[in-house]
Amino acid sequence: MADELELLRHANPVPGDGPHFGDGPLAHHAERHLDRLLREQPPPRPRRTRPAWGLAATAVVAALVSALLFTGRTTAPALAAPRPLLVQADSTPVPLKTLAERARVAGADGAPKLRKGTHVQSWSMGMSDDKPPITLPEERIVRWHADDSRTEVVVATDPRHPGRPVLGGEGQLVEDGHVLSRQTYPPSWSDAPPQSPPPTDVTRLRAYLQEAAHSRTALSTGELLDTVASLLDTWTLGARESATLARLLADTAGLRPLGQVTDRLGRRGQAYVYDGSGSRRLLIMDPVSGAVLGLETTFTEAEPEYGVEAGDVMSYRAWMR
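Residues numbered from 1 in each chain as written. Predicted model: local features only at pLDDT ≥ 70, side-chain atom pairs only at ≥ 80, totals over all residues. Heavy atoms only, no water.

Chemist: So what's going on with the pattern of salt bridges? Residues and values would help.
Modeler: Any two side chains of opposite charge can pair, on the condition that their charged atoms come close. Inspection of every chain in the model, using the stated rule, returns 11 salt bridges. Of the charged contacts in the structure, one is a salt bridge between Arg280 and Asp275, with a shortest N-O distance of 3.3 Å. Among the residues examined, Arg280 registers a relative accessible area of 31% and is labelled partly exposed. (Salt bridge = Lys/Arg side-chain N within 4 Å of Asp/Glu carboxyl O. Buried < 20%, exposed > 50% of the residue type's maximum accessible area, 1.4 Å probe, protein only.)

Chemist: Which residues make up helix H4 (residues 96–106), and what values do they have?
Modeler: For H4, the set of buried residues is Leu96, Leu99, Ala100 and Ala103. Buried residues of H4, viewed axially, fall in a sector of 100 degrees; they line one side. Facing away from the buried surface of H4 by more than 90 degrees, the exposed residues are Lys97 and Val105. Those residues of H4 that are buried are in contact with helix H7 (239–250), strand S9 (268–275) and strand S10 (279–285). (Helix = DSSP H or I, 4+ residues; strand = E, 2+ residues; numbered from the N terminus. Arc of directions from axis to C-beta. Contact = heavy atoms within 4.5 Å.)

Chemist: If you had to explain the pairing of strand S8 (residues 256–262) to someone new, which residues and values would you point to?
Modeler: Strand direction decides the pairing type here: S8 and S9, joined by 6 bridges, are antiparallel. Following the sheet pairing, Pro257 is matched in S9 by Tyr272. Two successive antiparallel strands, S8 and S9, enclose a turn made up of 5 residues, where Gly266 displays a positive phi of approximately 85 degrees. (Pairing = 2+ DSSP bridges.)

Chemist: Give me the lowdown on the environment of Pro186, citing residues and values where you can.
Modeler: Locating Pro186 in the fold gives a position in the loop between strand S6 (178–185) and helix H5 (202–212). A C-alpha to C-alpha distance of 9.1 Å links Pro186 and Thr151, two positions 35 residues apart in sequence. Setting aside chain neighbours within four positions, we find Pro186 in contact with Asp148 and Ser149.

Chemist: So what's going on with the side chain of Thr151? Residues and values would help.
Modeler: Within the element layout of this structure, Thr151 appears in strand S3 (residues 150–156). On the basis of relative accessible area, Thr151 is assigned to the buried category, the value being 4%. A polar contact is formed between the side chain of Thr151 and the side chain of His145, at a distance of 2.7 Å. (Polar contact = N/O pair within 3.5 Å; in protein donor to acceptor, adjacent residues only side chain to side chain.)

Chemist: Quick one: what's the story with the confidence of the model for the protein, residue by residue and with numbers?
Modeler: In this model, the protein carries a mean pLDDT of 82, and residues with pLDDT of at least 70 account for 75%. Predicted confidence for residues 42–76 stays below pLDDT 50, and this span has 47 contacts to residues more than four positions away or in other chains. (pLDDT = per-residue confidence, 0-100.)

Chemist: Lay out the packing of H5 against helix H6 (residues 221–232) with the relevant residues and their values.
Modeler: Here H5 crosses H6 at 85 degrees, and the two axes come no closer than 9 Å. The angle between the axes of H5 and H6 places the two elements in the roughly perpendicular class. Contacts between H5 and H6 pair Tyr208, Leu209 and Ala212 from the former with Leu224, Thr227, Val228 and Leu231 from the latter. Taken together, the residues that form the contact of H5 with H6 break down as 6 nonpolar, 1 polar and no charged. (Axes fitted to C-alpha atoms, helices over the stretch in contact; angles between N-to-C directions. Parallel < 35°, antiparallel > 145°, perpendicular 65-115°, else oblique. Nonpolar A, V, L, I, M, F, W, Y, C, P; charged D, E, K, R; others polar.)

Chemist: Would you mind going over the packing of aromatic side chains in detail, with residue names and values included?
Modeler: The geometry of an aromatic ring pair is captured by two quantities: the separation of the ring centres and the angle between the planes. Inspection of every chain in the model, using the stated rule, returns 1 aromatic pair. A ring pair is formed by Trp123 and Tyr316, whose centres lie 5.7 Å apart and whose planes are at 55 degrees; its orientation type is tilted. With Trp123 in strand S1 (residues 115–126) and Tyr316 in strand S12 (residues 313–320), the pair connects residues that are 193 residues apart, well separated along the chain. You'll find Trp123 and Tyr316 in the same group, each marked buried. Over the ring of Tyr185 we find Arg150; its NZ or CZ atom is 4.1 Å from the centre of that ring. (Phe/Tyr/Trp six-rings, centres within 6.5 Å; stacked < 30°, edge-to-face > 60°. Lys NZ or Arg CZ within 6 Å of the ring centre and 35° of its normal.)

Chemist: Account for the environment of Ser190, with residues named and values stated.
Modeler: The topology assignment puts Ser190 in the loop between S6 and H5. For Ser190, the side chain forms a polar contact with the main-chain nitrogen of Ala192, separated by 3.3 Å.

Chemist: Describe unusual backbone geometry, naming the residues involved and giving the relevant values.
Modeler: In this structure, Pro112 follows Ala111 across a cis peptide bond, with omega equal to 0 degrees. Along the chain, Pro112 turns up in the loop between H4 and S1. Positive phi values are uncommon outside glycine, yet Asp148 reaches one of about 70 degrees. Here Asp148 shows up in the loop between strand S2 (134–144) and S3. At His214, a position not held by glycine, the phi torsion is positive, near 55 degrees. The residue His214 is located in the loop between H5 and H6 in this model. A relative accessible area of 72% means that His214 is categorised as exposed.

So this is what it looks like as structure tokens:
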């Protein structure tokens with residue numbers, strides 16, 4: 001297994017066996033491990049064409065047969081498809097306006113600060129016409145540098161099953177922590193959203209998100225949530241930015257409080273649901289700071305031609321500090 005995985009785990013503020021609310025700022029040793037991981041250059045690998053989903057699913061089947069029958073492996077690989085998150089039955093739903101007020105109080109001192117870059121774990125489903133859908137788990141770290149260049153590392157890993165093989169970026173079975181890509185991008189001086197810093201005023205933030213979505217009209221709730229995800233894939237929000245976003249969401253139609261959930265990184269949060277056309281979005285927010293922890297999208301209608309059933313998870317993102 002690559003040394004990168006060990007470095008990433010040391011840098012991960014939410015280890016598989018760690019306590020809840022492990023999403024605080026990185027400690028000094030974790031920062032050192034993470035900086036080393038982002039700086040190191042891997043040996044060159046031959047370029048390969050990414051196959052279509054149908055070919056990818058075939059590769060998965062072949063890899064599973066090889067792994068289980070011919071290598072003597074006794075531990076089954078970690079298949080990535082997650083089940084939908086469940087709301088705790090006896091929990092009390094917290095209205096978004098109440099959560100927004102909590103976020104305002106918690107962010108009064110302005111800490112933590114806004115930071116460009118992101119650390120996100122995702123599960124994303126891919127579909128084809130003639131093969132079953134597959135779900136790929138990836139962990140992505142993006143760090144920006146002083147010259148406005150950025151380094152991005154993506155590894156195949158599923159924190160629910162540490163150490164077990166997972167499906168890689170091309171649909172093949174790979175070792176946990178396999179580096180899918182490591183790239184450094186040249187400086188970017190774009191000042192258009194979401195590259196520009198998000199404002200801390202609700203009206204301006206709404207306009208910012210509309211511009212980020214390249215829309216000339218007000219965003220629907222589904223479009224707004226998708227654009228929030230794009231924002232969180234670019235920025236790690238500070239306390240004041242999270243409080244502003246919470247106030248904006250509190251004024252958004254169609255978001256209903258459900259109660260408490262434990263997300264796929266073991267963090268407790270409050271869940272808010274939006275039912276759209278053919279899909280259901282579950283927004284998970286920190287019950288104290290109001291920070292967005294995750295966003296889950298599930299199918300509400302079956303799509304037999306793609307092998308999808310109602311209730312299947314289409315995608316899930318979990319953002320960390």
